[in-house]
Amino acid sequence: MIAKTVTPTSTSATAPLTIGSTTTETPLTYDFSGFPERYYGVTYDAPGAPDLAARILSERSTPERVREVEADPGGDWFDRDLWAELAKADLLGLCLPEAHGGGGYGLFELALILEQVGRNVAPVPLYATLALGALPLARFGTDAQQAAWLPGVAAGDVVLTAALSEGGDSLPPAVPATTATADGGGWRLSGTKVLVPSAHLARRVLVPARTGDGTSTVFLVDPSAAGVTAERNTSVNLEPLTTLAFFFDVAAPTEIFTRCDTLAPLAARPILPGVAA
C-alpha cells in the first residue's frame with residue numbers, strides 16, 4: 001500500500017521517493033521537488049499519489065486506447081488492463097482502511113486521484129467503486145461487510161456502486177421514494193433508481209429505501225438477483241448509466257447496510273469527491 005511503501009531516499013523534503021510499483025519487478029521513483037505539499041491550499045497526506053496516478057493514467061489512457069475501449073462491442077466502457085495497473089500501484093486501496101489492505105487515507109486524496117481520471121478521460125469505475133461504494137462501506141458497514149468486499153476493491157477484483165437518484169433533478173432525495181418492507185428474515189424492495197454508474201459491472205449496489213415515516217435504510221443489493229431488473233443507457237461520454245427497478249412481488253436478496261433518519265448526510269458524503277474532482 002502507498003501508506004506502507006512510501007520510503008524517502010533522503011532526509012530532504014524534496015528528495016525523490018520510491019512509491020509502490022506498477023510492475024512486480026522494479027519500483028518507480030519520482031522527483032517531487034516541484035510538486036507542492038499543499039494542493040489548492042489544503043495539506044494532504046499522500047504527496048506521491050497524484051503524481052503516480054497522473055503517470056499511469058497518462059501513459060495508459062491515451063486517446064487511442066480510450067477509443068478502443070469505447071468501440072468494445074460489449075459496451076462495458078471499462079479498461080480492465082488500466083484498472084489492474086491502478087490496483088497493482090495500490091491506488092485503488094489508497095483511501096481504504098489499512099485493516100482491509102488499504103492505505104488509510106481519506107476523501108481529499110481520493111479527489112486528487114479522481115482529478116487525474118477525469119483529466120485523462122479514463123474509462124474506469126473509480127468514482128462509483130470508491131466514492132459511492134467502498135468509502136461509505138468503510139465508514140458505515142459492518143465488520144463482516146467490510147471484510148467481504150473491501151479487500152477485493154483494493155485488489156481490483158470488485159466493483160461497487162450506489163443507486164441514489166430517482167429522477168427529477170437527478171439529485172439524491174433526502175427521503176427516497178423507493179420503499180423496503182420487512183418480509184420474514186429479509187426485505188422486499190419496491191421502486192426505481194436512475195443514472196446508476198457502473199451498475200453493469202458492480203458486485204453490490206448500495207440502495208437507499210424508505211422503511212418508515214422519516215426513516216431510511218441503505219441496503220447492500222446484488223444487482224443480478226431475482227427481482228432486480230436493469231436497463232442500460234448511455235451518457236453523452238458513452239459511459240453506461242443504468243436504471244435499476246426493484247419489484248415488490250419478488251424478494252431480492254438484501255442485507256441492511258446502515259439506517260438513517262434522513263439520507264441527506266449519507267448522500268452528500270460520497271458526492272463530495274466527485275465535485276472536488
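The rules we used
- Residues numbered from 1 in each chain as written.
- Predicted model: local features only at pLDDT ≥ 70, side-chain atom pairs only at ≥ 80, totals over all residues.
- Heavy atoms only, no water.
- Helix = DSSP H or I, 4+ residues; strand = E, 2+ residues; numbered from the N terminus.
- Buried < 20%, exposed > 50% of the residue type's maximum accessible area, 1.4 Å probe, protein only.
- Expected span 1.5 Å × (residues − 1).
- Arc of directions from axis to C-beta.
- Phe/Tyr/Trp six-rings, centres within 6.5 Å; stacked < 30°, edge-to-face > 60°.
- Salt bridge = Lys/Arg side-chain N within 4 Å of Asp/Glu carboxyl O.
- Core = buried A, V, L, I, M, F, W, Y, C linked by side-chain atoms within 4.5 Å.
- Contact = heavy atoms within 4.5 Å.
- Bend = angle between axes of the 7 residues up to and from the residue.
- pLDDT = per-residue confidence, 0-100.

Trainee: Can you tell me about the overall build of the protein chain, naming the residues and giving the values?
Mentor: Scanning the protein chain from N- to C-terminus turns up eight helices and 13 strands. Out of the 277 residues belonging to the protein chain, those deemed buried represent 49%.

Trainee: Help me get a handle on helix α2 (residues 49-60), residues and values and all.
Mentor: Its twelve residues place the ends of α2 16 Å apart at the C-alpha level, agreeing with the 16 Å of an ideal helix rising 1.5 Å per residue. All of the buried residues in α2 are Ala-49, Pro-50, Leu-52, Ala-53, Ile-56 and Leu-57. The arc that holds the buried residues of α2, viewed along the axis, is 160 degrees, so those residues lie on one side.

Trainee: Go over the packing of aromatic side chains, please, and point to the residues and values.
Mentor: The way to describe two aromatic rings as a pair is by their centre distance and the angle between their planes. Applying the stated rule across the entire model yields two aromatic pairs. Here the aromatic rings of Phe-78 and Trp-83 are separated by 5.8 Å at their centres, their planes lie at 75 degrees, and the arrangement is edge-to-face.

Trainee: Lay out the pattern of salt bridges with the relevant residues and their values.
Mentor: Per the stated rule, a full pass over the model turns up 13 salt bridges. With a shortest N-O distance of 3.0 Å, Arg-65 and Glu-68 are connected by a salt bridge. Taken together, the positions of Arg-65 and Glu-68, both in helix α3 (residues 63-70) and three residues apart, correspond to about one turn of that helix. The closest approach of N and O atoms between Asp-222 and Arg-204, which form a salt bridge, is 3.8 Å. Remark: Arg-204 occurs in strand β9 (residues 204-212) and Asp-222 occurs in the loop between β10 (215-221) and β11 (228-234); sequence separation between them is 18 residues. Since its relative accessible area comes to 22%, Asp-222 is described here as partly exposed.

Trainee: Before we move on, can you summarise the nonpolar core with the specific residues and values?
Mentor: Counting 59 residues, the largest nonpolar core has Leu-86, Leu-91, Leu-96, Val-124, Leu-126, Leu-189 and Leu-244 as the members making the most contacts within it. Per element, the largest residue contribution to this core is seven residues, and it comes from helix α6 (residues 126-140). Contacts of Val-124, omitting those with residues within four sequence positions, involve Trp-77, Phe-78, Asp-79, Leu-82, Trp-83, Leu-86 and Val-117.

Trainee: Explain α6 to me, using residue names and the numbers behind them.
Mentor: The end-to-end C-alpha distance of α6, which contains 15 residues, comes to 19 Å, matching closely the 21 Å that a straight helix rising 1.5 Å per residue would cover. Residue Ala-134 marks the point of greatest curvature in α6, where the axis turns by about 30 degrees; the proline Pro-136 follows within four residues. Of all 15 residues that make up α6, eleven are buried, and the element is covered over most of its length. Turning to α6, its buried residues number three or more, namely Leu-126, Ala-128, Thr-129, Leu-130, Ala-131, Leu-132, Gly-133, Ala-134, Leu-135, Pro-136 and Leu-137.

Trainee: Please set out unusual backbone geometry residue by residue, giving values where relevant.
Mentor: The backbone of Trp-77 shows a phi angle near 55 degrees, a positive value even though the residue is not glycine. Among the structural elements, Trp-77 can be located in the loop between α3 and α4 (80-88). Phi at Leu-238 is positive, roughly 75 degrees, even though this residue is not glycine. The topology assignment puts Leu-238 in the loop between β11 and β12 (240-246). Leu-238 gets classed as partly exposed once you look at its relative accessible area, which sits at 42%.

Trainee: Tell me about the confidence of the model for the protein chain, and please be specific about residues and values.
Mentor: The pLDDT averaged across the protein chain works out to 78; a share of 72% of its residues lies at or above 70. Note on residues 1-43: pLDDT is under 50 here. Beyond four places in sequence and across chains, it has 84 contacts. Scored below 50 in pLDDT, residues 261-277 makes 33 contacts in the model with residues more than four places away or belonging to other chains.

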